[in-house]
Amino acid sequence: RPLGVLTRPDGTTPELPKHLGLLSLRHRRPILPARAVNALAVLFEWLHVAPIKLLLLAAVVAFDGWLFFFHGIAGGIRDVLYEPAWLLAVLVSVVVATFFHEIGHASACRYSGARPGVLGVGLYLVWPAFYCDVTEAYRLDRRGRLRTDLGGVYFNGIFALACGAGYFATGHEALLFAAFVQHMIVLQQLLPLLRFDGYYVLTDLTGVPDILSRIKPIFRSLVRGRRREPKVAELKPWVRVVVTAYLLALIPALTLLIGMLVLSAPRTFATAYDSFGLQLDRLHDSHGWAELGVGAFRIAALVLPLAAMS
């Protein structure tokens, strides 16, 4: 009864105070009602059919192998810095892909047999973020919940693949940079250290609530000679193996991508500085209000996305 499971003797339900979990999304405001979200989810349900999903994932793996091990992203970085409008376009693509990410959760929830709720925006820590209410996914079995958890990053992969298709059709290197940004977002989402998708994947995969409170003890337990902490000892052996393997696999992948960014940082900053000077020269040599407006737009399109991404 104190938990609200049982009613009072008179049949009324006690009102319980709402407690937001650690690092939860706050100040949420819906922007699409549940009916509209379900209509969108129905449109994209077919992407979760097993043969289609396997085909798309194989295409994503093949594209990633070509992008990261053969072609690279240096050309894309150069294009978005020398053509600031492309940088602004990449920032817009991030917003569109984030919305598409939530449709991935909603469509996976619908395909698994539950109905998604509203889609809206909120504040996570200090950043605005989209969210989709998939509370009904808790009615599903473990497979359905995991499909719902991973539906978002799956749609990020599809969006990156679409950027790659756009590059092969047009030859614009900036589209490859947009695809690379989607991969960074996927890695961020898979981090279980915050309440991103990876957190819910681990929770539903292991059946252990509040994994955030157990990650640090698990890492400590890897040190030889340390006494196993209670929050680790109470877990089943296979649960400890899954959580530990997940973290050990994710950290090298994240290190690889961060290393690529660090190694390319000097060239990126030098290119951005050179591009800024070029835009100033164009602004200085412009004639008439129309050309001045275009020059000012180029500078704003270079500076604002860089500030937002940083």
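Residues numbered from 1 in each chain as written. Predicted model: local features only at pLDDT ≥ 70, side-chain atom pairs only at ≥ 80, totals over all residues. Heavy atoms only, no water.

Asks: Go over the nonpolar core, please, and point to the residues and values.
Replies: Val 80, Val 90, Phe 155, Ile 158, Phe 177 and Val 181 are the most contacted members of the largest nonpolar core, which totals 34 residues. Elements that contribute at least two residues to this core include exactly helix H1 (34-44), helix H2 (50-71), helix H3 (74-82), helix H4 (84-112), helix H5 (142-170) and helix H6 (174-190). In terms of residue count, H6 provides more of this core than any other element does, 9 residues in total. Contact partners of Phe 177, with chain neighbours within four places excluded, come to Gly 76, Ile 77, Val 80 and Val 90. Counting 8 residues, the second-largest nonpolar core is a separate cluster that includes Leu 202, Val 208, Val 239 and Val 243. (Core = buried A, V, L, I, M, F, W, Y, C linked by side-chain atoms within 4.5 Å. Buried < 20%, exposed > 50% of the residue type's maximum accessible area, 1.4 Å probe, protein only. Helix = DSSP H or I, 4+ residues; strand = E, 2+ residues; numbered from the N terminus. Contact = heavy atoms within 4.5 Å.)

Asks: Give a detailed account of the packing of aromatic side chains, specifying residues and quantitative values.
Replies: Two descriptors summarise a pair of aromatic rings, namely the distance from one centre to the other and the angle between the planes of the rings. For the structure shown, the criterion picks out 13 aromatic pairs. Look at Trp 66 and Tyr 167: their rings are 5.8 Å apart centre to centre, the planes differ by 35 degrees, and that puts the pair in the tilted class. With Trp 66 in helix H2 and Tyr 167 in helix H5, the pair connects residues that are 101 residues apart, well separated along the chain. On the basis of relative accessible area, Trp 66 is assigned to the partly exposed category, the value being 25%. Within the aromatic cluster, the residues linked to one another by ring pairs are Phe 44, Phe 100, Tyr 154, Phe 155 and Phe 159. Residue placement shows Lys 53 over the ring face of Tyr 154; its charged tip is 5.2 Å from the ring centre. (Phe/Tyr/Trp six-rings, centres within 6.5 Å; stacked < 30°, edge-to-face > 60°. Lys NZ or Arg CZ within 6 Å of the ring centre and 35° of its normal.)

Asks: Describe in detail the pattern of salt bridges, supporting the description with residues and values.
Replies: Enumeration according to the criterion identifies 2 salt bridges in this entry. Taking the shortest distance from any N to any O, the salt bridge between Glu 136 and Arg 139 comes out at 3.2 Å. Between Asp 204 and Arg 145 there is a salt bridge whose closest N-O contact spans 3.2 Å. Of the two residues, Asp 204 sits in helix H7 (residues 197-206) while Arg 145 sits in helix H5, which places them 59 residues apart along the sequence. (Salt bridge = Lys/Arg side-chain N within 4 Å of Asp/Glu carboxyl O.)

Asks: Quick one: what's the story with the side chain of Glu 173, residue by residue and with numbers?
Replies: By secondary structure assignment, the location of Glu 173 is in the loop between H5 and H6. Residue class for Glu 173 comes out buried when judged on its relative accessible area of 16%. Within the local environment of Glu 173, its side chain forms a polar contact with the side chain of His 71, the two groups lying 3.2 Å apart. (Polar contact = N/O pair within 3.5 Å; in protein donor to acceptor, adjacent residues only side chain to side chain.)

Asks: Any details on a nonpolar patch on the surface? Residues and values, ideally.
Replies: Residues Phe 219, Leu 222 and Leu 248 make up a contiguous nonpolar surface patch of roughly 260 Å² in combined accessible area. The topology assignment puts Leu 222 in the loop between helix H8 (215-221) and helix H9 (230-233). (Patch = residues over 30% accessible without salt bridge, like charges linked within 9 Å, V, L, I, M, F, W, Y side chains within 5 Å. Areas by Shrake-Rupley, 256 points an atom, 1.4 Å probe, with all protein chains shown as cover.)

Asks: I'd like a description of the packing of H2 against H6, backed by residues and values.
Replies: Their axes nearest at 12 Å, the elements H2 and H6 cross at an angle of 110 degrees. In terms of orientation, H2 lies roughly perpendicular with respect to H6. At the point where H2 passes H6, the crossing takes the left-handed sense. Along the contact surface, H2 presents Phe 63, Asp 64, Trp 66, Leu 67, Phe 68 and His 71, while H6 presents Leu 176, Ala 179, Phe 180 and His 183. (Axes fitted to C-alpha atoms, helices over the stretch in contact; angles between N-to-C directions. Parallel < 35°, antiparallel > 145°, perpendicular 65-115°, else oblique. Left-handed = near helix turned anticlockwise from the far one by under 90°.)

Asks: Before we move on, could you go through H2 and cite the residues and values that matter?
Replies: Over its 22 residues, H2 runs 30 Å from end to end, which matches the ideal 32 Å to within 8%, given 1.5 Å per residue. Among all positions of H2, only Val 60, Phe 63, Asp 64 and Leu 67 are buried. Taken end-on, H2 shows its buried residues confined to a sector of 105 degrees, consistent with a single buried face. Exposed side chains of H2 directed beyond 90 degrees from the buried face belong to Pro 51, Leu 54, Leu 55, Val 61, Ala 62, Phe 69 and Phe 70. Packed against the buried residues of H2 are H5 and H6. At the exit of H2 stands Gly 72, carrying a positive phi of roughly 85 degrees. (Expected span 1.5 Å × (residues − 1). Arc of directions from axis to C-beta.)

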